[in-house]
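# Structural features, examined
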2 protein chains.
Amino acid sequence: MRELSVKTESKILLLILDGLGGLPMDPSGPTELEAADAPSFDALAARSDLGLSLPVAAGVSPGSGPGHLALFGYNPLRHVVGRGVLSALGVGFDLGENDLAARLNFATLDESGKISDRRAGRIPSEKGTQLVELLNENVALDGVETFVTHEKEYRAVAVFRGEGLSDSLADSDPQRVGLEPLPVKPTDHSPEAERSAALANAFVDQANEILRDQHPANTVLMRGFGMHPALPSFEEIYELDAAAIASYPMYKGLARLAGMELLKEGEGIAGEFETLRENWDHHDFFFLHVKPTDAAGEDGDFGRKAAVIEEVDAQIPDLLDLGPDALAVTGDHATPAKLKSHSWHGVPFLLSSPYTLPTAESFGERACAGGSLGAFPAEEIMGLLMGHALKLNRYGA
Amino acid sequence: MRELSVKTESKILLLILDGLGGLPMDPSGPTELEAADAPSFDALAARSDLGLSLPVAAGVSPGSGPGHLALFGYNPLRHVVGRGVLSALGVGFDLGENDLAARLNFATLDESGKISDRRAGRIPSEKGTQLVELLNENVALDGVETFVTHEKEYRAVAVFRGEGLSDSLADSDPQRVGLEPLPVKPTDHSPEAERSAALANAFVDQANEILRDQHPANTVLMRGFGMHPALPSFEEIYELDAAAIASYPMYKGLARLAGMELLKEGEGIAGEFETLRENWDHHDFFFLHVKPTDAAGEDGDFGRKAAVIEEVDAQIPDLLDLGPDALAVTGDHATPAKLKSHSWHGVPFLLSSPYTLPTAESFGERACAGGSLGAFPAEEIMGLLMGHALKLNRYGA
């Protein structure tokens, strides 16, 4: 890709409806997407290449991290991104390549030193912000800088910055109440992991001291240690000036890993599309992420998931007025209401450009199963978009 | 898979109709499966994911070994299993990781030392058993133990047990009558291969002496040298307690390579399904192998192959009463009656679970070609089954 990509005027849009893929509740019934009254998606499908995109591996349900890495063209098995890294990027922390990040939960220790609440009574965000400030003012570790950033309610992110760190560390969160927090242990025998474990444990000790009188938030649990994966950026691989519109921290974080600029999104789905229109002239690649499809699927709410799809459908005419040269609509994985969770199923995929081979009159899982792209790895989506936008040179003479 | 697999109560059944895939005799006609009157398979297809499974590589017709390795989730190009190994496992020999196995044919040498019959007049099994005993009592090789096990009629298996052996050896069987047997030659220059060749030739020399008066079975031909491939077991990879029901030695052998327990099968196809029912409570994975589809295809008997499919179809209602959580029906390869041999074509594949996207009302090659799974590597079947049985954790955050 790096060798073939060329800078052109054409514009690409990758529209992700999180967890778009669905299943029929009964074998003969429609999926969420098939049930949705989505005339604009259907009209688009009738001039698009269709297929089912496969996020990670057969039978494997991906988390949002691997799901998005694949959408962005990175092999999700080769590139592993720790949860702490996603959280750090999501809150806008400028994570460097030497930084070690971990998720932090404020939690409650009882008098015997056991965890009585892993979420500190779900303290409000204002309280969380104050506690984060307290930690930032008072924690001091040998040889590394420490940054704590508030995420939401009882959740925060800790970053250690310094040479010679490692993310080969196990969580301190025992995942159950009534147990003592675990000391952070290295998961390999490298000196970097030993040192990083010692730093993490010193951090927890100091936090316990600082938070002593802050019941119910009188301790922190650390989990999801991770270091920046140092992915090559969209600029480097595709010569794209890429921008991202997403309302949730994790998806902003994923976009930043690929070197995308984060655009300040408006309110709700309509607001995200408004942001797209406002910024259309300033970038040649846009990633627009819609979250509520996934949330509805996780809730098992077939009707609400279809309604979110309809809400996005209503934005499509204005979107097409912008004139994207290549437009893909898909999800990072399936979240069938029937399963109430992420799943391994193929995700409906549509690619609209002047150079397509349409095969159906509607956008849905079954129409996509019979499409010209067949079932294909999601990792190939970026190549398809680049090709359809005429941004790739011929390979070979 | 190893990291994601979890032990649950759910049960998986992999039902293999050997050589299931077929072709129309005329382009507009039906395949064997399409022609079969198989109402239970059709009803199952209407609530299943469909696809065409591809055993090894485009255009490549697999033997039973690679075909089954792929079904069991092992890459059939990376893991090579010698025919001798399959035979040894098939007769129930407890092959160890240092053991070198080869197939043995009793054959006839004429007075000039040339082979006049490669199958020794197809001696009956009783005679074969006696000759194997003679060899076991009288062969003695330096530095290795030797085990000869009778297979059927003129066929047996020889195993050399000892350190430092190699299967880089060419057959002694010249594959034609009227020629002298070949000395076993090493196919690389390793000391292990040189030593193993010398042992094999010493074995043939001793056998010639021992069998001198046993005309027509007065020599042995050695072929298909192989060593145990040391595959990780189903228990290790998938945390499955797997059992196999197969009536032919080779398929038992293949199942043993994957660490499956062999269940004593009843008579014929109905007997195999009876064995399944009897053992249903004792395992969480079952491989049930039906052979006669392949045999009919090899004979070019389109009608008989369809009739075997109908015979299996009649077992499906009782099978479904067991309530498998994930059920796959497919073949290890195609054996179209039109070709009278194994072929490279995609094999009809059906996966039934509560979490499917049905796309057709019948089970057949063309219905499968339009299915939601598309054409996909057979190596992915185990992942799909594990996913549909909800036995895989999510990958990544």
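Just so it is clear, the model here is predicted, and its values are computed rather than measured.

## Some remarks on the interface of chain A and chain B
At the interface, 30 residues of chain A touch 26 residues of chain B. Summed over both sides, the interface of chain A with chain B buries roughly 2000 Å², with 67% coming from carbon and sulfur. The three residues of chain A that bury the most area against chain B are P27, A58 and W344 of chain A, which together make up 23% of that side's buried surface. Linking chain A with chain B are one salt bridge, by the criterion used here. Close ionic contact of E298 of chain A with R394 of chain B constitutes a salt bridge, the shortest N to O distance being 3.8 Å. Taken together, chain A and chain B are joined by seven residue pairs in polar contact (both at pLDDT 80 or more).

## Some words on the packing of helix α4 (residues 83-90) of chain B against helix α8 (residues 249-257) of chain B
All names here are of chain B. Relative to each other, α4 and α8 sit at 95°, their axes nearing to 7 Å. In terms of their interaxial angle, α4 and α8 are classed as roughly perpendicular. Together, R83, V85, L86, L89 and G90 of α4 and P249, M250, K252, G253, L254, R256 and L257 of α8 make up the contact between the two elements. Here the residues of the contact of α4 with α8 are counted per class, giving seven nonpolar, two polar and three charged.

## Here we look at the sheet that holds strand β11 (residues 326-330) of chain B
Residue and element names in this part refer to chain B. Taken together, eight strands build an open sheet; the order of strands is β9-β8-β10-β1-β11-β12-β2-β13 and the sheet is mixed. Either end of the sheet is taken by a strand with one partner, and the two such strands are β9 (261-262) and β13 (375-377). Sheet analysis places strand β1 (residues 12-17) next to β11, joined by five bridges and oriented parallel. Counterpart to I12 in the pairing with β11 is A326. Packing against the sheet, helix α9 (residues 268-279) makes contact with β1, β8 (242-245) and β10 (285-290), and its axis sits at approximately 175° to β10.

## Overview of the nonpolar core
Core analysis: the biggest nonpolar cluster contains 59 residues, and L14, F72, F234, M260, F285, F287 and L385 of chain B have the highest contact counts within it. Excluding its chain neighbours within four sequence positions, the residues that come into contact with L14 of chain B are L71, F72, F285, F286, F287, L288, A328, I381 and L385 of chain B. Judged by nonpolar contacts, the second largest core, of 46 residues, contains A101, Y238, L240 and A378 of chain A.

## Quick look at the sheet that holds strand β12 (residues 347-352) of chain A
All names here are of chain A. Read from one edge of the open sheet, eight strands run β9-β8-β10-β1-β11-β12-β2-β13, paired in mixed fashion. Where the open sheet ends on each side, the last strands, each with one partner, are β9 (261-262) and β13 (374-377). Of the pairings in the sheet, the one linking strand β8 (residues 242-245) to β9 comprises two bridges and is parallel in character. Counted as the bridge partner of A244 is L262 from β9. Most of the contacts of helix α9 (residues 268-279) go to strand β10 (residues 285-290), to which it runs at about 175°, and overall it touches β1 (12-17), β8 and β10.

## Thoughts on the confidence of the model for chain A
Residues of chain A with pLDDT of at least 70 account for 100%, and the chain-wide mean is 95. Predicted complex, confidence summary: ipTM 0.86, pTM 0.88.

## What to know about the pairing of strand β5 (residues 145-152) of chain B
As paired elements, β5 of chain B and strand β6 (residues 155-161) of chain B share seven bridges and run antiparallel to each other. By the bridge assignment, F147 of chain B is partnered in β6 of chain B with V159 of chain B.

## Here we look at the pattern of salt bridges
Residue and element names in this part refer to chain A. Throughout the structure, instances matching the rule amount to 33 salt bridges over all chains. The partner of E32 in a salt bridge is K305, with the nearest N and O atoms 3.6 Å apart. Taken together, the residues E32 in helix α1 (residues 32-35) and K305 in helix α11 (residues 302-313) connect sequence positions 273 residues apart. A single burial state applies to E32 and to K305, both of which are buried.

## Focus on unusual backbone geometry
Geometrically, the link from H215 of chain A to P216 of chain A is a cis peptide bond, its omega value of 10° lying close to zero. With respect to the secondary-structure elements, P216 of chain A resides in the loop between α6 (191-210) and β7 (219-227). Of note in the backbone geometry, A120 of chain A takes a positive phi value of approximately 50° without being a glycine. Tracing the sequence through the fold places A120 of chain A in the loop between β4 (115-117) and α5 (125-138). Not every positive phi belongs to a glycine, and R122 of chain B is a case in point at roughly 45°.

## Comments concerning α5 of chain A
All names here are of chain A. Helix length check: α5 (14 residues) gives 20 Å between terminal C-alpha atoms against 20 Å at 1.5 Å per residue, within 8%. Along α5, the residues that are buried comprise G128, L131, V132 and L135. Along the axis of α5, the buried positions cluster into a sector of 105°, meaning they face one direction only. Away from its buried face by more than 90 degrees, α5 exposes E126 and E137. Looking at the buried residues of α5, the elements they touch are β3 (99-109), β5 (145-152), β6 (155-161), α6 and β7.

The rules behind the values
- Residues numbered from 1 in each chain as written.
- Chains lettered and ligands numbered in written order.
- Predicted model: local features only at pLDDT ≥ 70, side-chain atom pairs only at ≥ 80, totals over all residues.
- Heavy atoms only, no water.
- Contact = heavy atoms within 4.5 Å.
- Buried area = accessible area lost by both parts, 1.4 Å probe.
- Salt bridge = Lys/Arg side-chain N within 4 Å of Asp/Glu carboxyl O.
- Polar contact = N/O pair within 3.5 Å; in protein donor to acceptor, adjacent residues only side chain to side chain.
- Axes fitted to C-alpha atoms, helices over the stretch in contact; angles between N-to-C directions.
- Helix = DSSP H or I, 4+ residues; strand = E, 2+ residues; numbered from the N terminus.
- Parallel < 35°, antiparallel > 145°, perpendicular 65-115°, else oblique.
- Nonpolar A, V, L, I, M, F, W, Y, C, P; charged D, E, K, R; others polar.
- Pairing = 2+ DSSP bridges.
- Core = buried A, V, L, I, M, F, W, Y, C linked by side-chain atoms within 4.5 Å.
- Buried < 20%, exposed > 50% of the residue type's maximum accessible area, 1.4 Å probe, protein only.
- pLDDT = per-residue confidence, 0-100.
- Expected span 1.5 Å × (residues − 1).
- Arc of directions from axis to C-beta.

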